[in-house]
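The chain contents come next:
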Amino acid sequence: MQEQFTFFVGTDVSKLTLDMSIISKGIEVHCTQIANTKKAIDTWFKKMSNATGISVTNTLFCMEFTGIYNYHLVEYLDSKAAKMWIMPGAQLKHGKGMDRGKSDKADAKKIALYGFTHPHEVRLWKQPRLVVKQLRTLIKNREGIIKTRHQYERRLKESKGLVDKKELAITKKYCQPMLDLVAKQIKAIDKEIKELIATDEKLNELSGYIQSVDGVGIVTAAEMIVTTNEFENYDDAKKLACHCGVVPFKKESGTSIKGRASVSHKANKKMKRLLHLAALSAIKVKGEFKQYYERKKAEGKHVMSVLNAIRNKLVLRIFACVKNKRFYQKDYQYSLVKL
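Everything quoted here is computed from the prediction, not taken from an experiment.

(A) Representation of the overall build of the chain within the structure. The helix and strand inventory of the chain stands at 12 helices and seven strands. The proportion of buried residues among the 339 residues of the chain is 41%. Taking the intrachain contacts of the chain between residues at least 6 apart in sequence as the baseline, contacts between residues at least 24 apart amount to 60%. Per element, the accessible surface of the chain, about 19,400 Å² overall, is 53% carbon and sulfur.

Structural data, given as structure tokens:
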């Protein structure tokens, strides 16, 4: 894909500022810092178009995903139909090499160079539909509330057996009402997620295919839809499985260094966690996953290794169902050759 672009713009994004670096033929031709506002971005883009020749047709705009801090830049570039590569932070961290120092200016250059030197990895960003953005917001709020629940649960757990009854009663007095409130909020968000999906024809269809797979519920389905941008960002099941952190990689070097295959830590940990819960549910239901789990356990395989294999299978089944537009069939023989 590199031959499509003359310029690569790397942006280090923060709440208030954007550090911009322009790379051409592997050489930095411009770097500066601007305010993180649409007006500042527009002024910079027009100025650089005249000074360097960058345009929406000959430039790849690269940046790390930083949540809402990307908003102004992404919205501006999308309005211009510019080509963007929004990279996961872990991908950049492990791909830039060892940092001897750190600065926003240097990071912007490294991001631009990463885009220049990794053309085979480029995945052009596609604007999610408004309803998908709303679904993503609901999921993020749900995650925040669950973290709050864990904090109060941990406080209660730690107090039990370590403090006297009167101290524990004080902790319960203030923690339990919060836990009750959090439970209601989670229930309300789950209801809103279901309603939002039900009101959109495409989301409802996708969710149906995803949830037809054993062990997969509404929250996992919603996260999968958001993660894949309605499966627009992935054309291969194995790539999605790698992103979800369920594909083990061998550790080998020459003839002397060998290690047990393990999954990458550069994965989407949120998706991996949800798939783990789905796998635990799937092995309780009569079907291929339960049979596979029991067979591998009987062979002496490590439980976590077997569960990871089931997580992988779940991704492959979900992908196949979505791409083939069919519901999961327990007796169907799936092909694992590039679904």
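Back to the write-up after that little detour.
(B) Looking closely at the packing of helix α10 (residues 269–282) against helix α12 (residues 303–324). The geometry of α10 relative to α12 is characterised by a closest axis approach of 9 Å and an angle of 105° between their N-to-C directions. The orientation of α10 with respect to α12, classified from their angle, is roughly perpendicular. Contacts between α10 and α12 involve K272, L275, H276, A278, A279 and L280 from the first element and M304, L307, I310, R311, L314 and V315 from the second. When its residues are assigned to classes, the contact of α10 with α12 shows nine nonpolar, one polar and two charged.

(C) Molecular detail of helix α7 (residues 201–211). All of the buried residues along α7 are L203, L206, S207, Y209 and I210. Axial view of α7: buried residues confined to an arc of 160°, hence all on one face. Tucked inside the fold, the buried residues of α7 contact α5 (130–159), α6 (165–199), α8 (218–228) and α12.

The rules behind these values
- Residues numbered from 1 in each chain as written.
- Predicted model: local features only at pLDDT ≥ 70, side-chain atom pairs only at ≥ 80, totals over all residues.
- Heavy atoms only, no water.
- Helix = DSSP H or I, 4+ residues; strand = E, 2+ residues; numbered from the N terminus.
- Buried < 20%, exposed > 50% of the residue type's maximum accessible area, 1.4 Å probe, protein only.
- Contact = heavy atoms within 4.5 Å.
- Areas by Shrake-Rupley, 256 points an atom, 1.4 Å probe, with all protein chains shown as cover.
- Axes fitted to C-alpha atoms, helices over the stretch in contact; angles between N-to-C directions.
- Parallel < 35°, antiparallel > 145°, perpendicular 65-115°, else oblique.
- Nonpolar A, V, L, I, M, F, W, Y, C, P; charged D, E, K, R; others polar.
- Arc of directions from axis to C-beta.

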